[in-house]
Amino acid sequence: MAVIFAVANQKGGVGKTTTSVNLAASLAAAEVSVLLVDCDPQGNATSGTGVSRGSVERSTYDVLLGQCTLAEAIVSTPVKGLDIVPATQDLVAAELELVDLADRATRLRAALETLGDRYDFVILDCPPSLGLLTVNALSAADRVIVPLQCEYFALEGLTHLMATIDRIKGAFNPDLAVEGVVLTMFDGRNSLTHQVADEVRDHFRVYSTVIPRNVRLSEAPSHGVPALLYDAQSRGAQAYLGLAREILESFPKKEPEPEKAREPAPEEPEQAAEPEPEKPTKPARPAKGSAKASAKAERKAG
Ligand SMILES: Nc1ncnc2c1ncn2[C@@H]1O[C@H](COP(=O)(O)OP(=O)(O)OP(=O)(O)O)[C@@H](O)[C@H]1O
Ligand SMILES: [Mg+2]
């Protein structure tokens, strides 16, 4: 299964979508496969990865309402290794339409489970609220990444988010945890910025990569590409590459398993050869005989 990150903060405009899109692109650049799921009716992650909202046939709304499978809603982006499940305004209605369903909080999780190991990472871009869409993302996620702008009320907002995370943990997702706080639109010349940052560090893991305020990050969405494809050398694009590196240190890329499986283990030939003498001659018994043989081999291996 993929590692699933929800990028969440109910405060608006703190850099959730910028972080979702650019982190997803930076992970993909490190040759891991990434699925971005736009969970926000504003659809900013969708347009920010070059998918025009008018062209969307199936979206997060259809997935949540069971009108298509998650796989059917996936579209590719201009970034190699990065796919997206797009969102449109329709998603506003999902909050209302889901409300009467018993499994309303866990529908996204159920949909993501159908993907198996198709992706290494899934990134869920949450809307600026703690409604059912964010609840679905938090129920589905392994970890939460919290973009935070170092402003006076930032910590107050974090308290609300933590209370929601605790509720989701209790009700749907006992292993949910905050992976880290990423400081966004960071302005090191402002002394309040440092005060807030220090206070956040007292309570949470704060990524050592901070995202500076950088005009390229705000320009890139209007070109429908992550900053990495718009201006790879910009401070913004480089910062998100740094954040991706930090995340990959905690969640290293999985080694491809089929290669491993083909390598014969040193004892294997011996085990395979050993049961031979017991091989029954009658056609009816081979299944039984080989089961016995493999049980014996297993006992030996154990
Ligand atoms: N590091 C940055 N430097 C400059 N501009 C930024 C940076 N991060 C985000 N922005 C800009 O700030 C605005 C808000 O960012 P973004 O859309 O990522 O926030 P959000 O938390 O997703 O917002 P919402 O709560 O509405 O979903 C956007 O115009 C974006 O381009
Ligand atoms: Mg957003």
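Residues numbered from 1 in each chain as written. Chains lettered and ligands numbered in written order. Predicted model: local features only at pLDDT ≥ 70, side-chain atom pairs only at ≥ 80, totals over all residues.

**As for the confidence of the model for the protein**
Turning to step 1, where the next piece is worked out: Scored by pLDDT, the protein has a mean of 87; 84% of the residues are at 70 or more.
Turning to step 2, where the next piece is worked out: The low-confidence segment residues 265-302, where pLDDT is below 50, has 15 contacts with residues more than four positions distant or belonging to other chains. (pLDDT = per-residue confidence, 0-100. Contact = placed C-beta atoms within 7 Å.)

**Observations concerning the pairing of strand β1 (residues 3-7)**
Each regular strand shows side chains that alternate between the opposite faces of the sheet.
Turning to step 1, where the next piece is worked out: In terms of residue burial, β1 counts as a mostly covered element, since four of its five residues are buried.
Turning to step 2, where the next piece is worked out: Examined bridge by bridge, β1 and strand β5 (residues 121-125) share five bridges and lie parallel to one another. When the bridges of β5 are listed, valine 3 appears paired with phenylalanine 121.
Turning to step 3, where the next piece is worked out: Pairing between β1 and strand β6 (residues 143-149): three bridges, direction parallel. Directly across from valine 7, in β6, lies its bridge partner isoleucine 145. (Buried ≥ 20, exposed ≤ 12 C-beta atoms within 10 Å, placed from the backbone. Helix = DSSP H or I, 4+ residues; strand = E, 2+ residues; numbered from the N terminus. Pairing = 2+ DSSP bridges.)

**Here's the deal with helix α8 (residues 154-171)**
Turning to step 1, where the next piece is worked out: With 18 residues, α8 extends 26 Å between its outermost C-alpha atoms, agreeing within 8% with the 26 Å of an ideal straight helix rising 1.5 Å per residue.
Turning to step 2, where the next piece is worked out: Within α8, burial applies to Ala154, Leu158, Leu161, Ile165 and Ile168. Down the axis of α8, the sector holding all buried residues measures 80°, keeping them to one side. Exposed side chains of α8 directed beyond 90 degrees from the buried face belong to Glu156, Thr159, Ala163, Asp166, Gly170 and Ala171.
Turning to step 3, where the next piece is worked out: Of the surrounding elements, those touching the buried residues of α8 are α7 (132-140), β6, β7 (177-184) and α9 (191-203). (Expected span 1.5 Å × (residues − 1). Arc of directions from axis to C-beta.)

**Let's talk about the packing of helix α1 (residues 16-29) against helix α12 (residues 235-250)**
Turning to step 1, where the next piece is worked out: Running from N to C, α1 and α12 point in directions that differ by 65°, and their axes come no closer than 8 Å. It follows that α1 is roughly perpendicular to α12 by the angle criterion. You can see that α1 and α12 cross each other, and the crossing is right-handed. Between α1 and α12, the residues in contact are Asn22, Leu23, Ser26, Leu27 and Ala29 and Tyr240, Leu241, Leu243 and Ala244, respectively. (Axes fitted to C-alpha atoms, helices over the stretch in contact; angles between N-to-C directions. Parallel < 35°, antiparallel > 145°, perpendicular 65-115°, else oblique. Left-handed = near helix turned anticlockwise from the far one by under 90°.)

**A closer look at the site of ligand 1**
Turning to step 1, where the next piece is worked out: Neighbouring ligand 1 are 21 residues, the closest being Lys16, Thr17, Thr18, Pro128 and Ser218.
Turning to step 2, where the next piece is worked out: Looking at the shell around ligand 1, the elements that each hand over two or more residues are α1 and α10 (215-219).
Turning to step 3, where the next piece is worked out: The biggest single contributor to the shell around ligand 1 is α1, with three residues.
Turning to step 4, where the next piece is worked out: Residue composition of the shell around ligand 1, grouped by class: seven nonpolar, 11 polar and three charged. (Near = placed C-beta within 6 Å. Nonpolar A, V, L, I, M, F, W, Y, C, P; charged D, E, K, R; others polar.)

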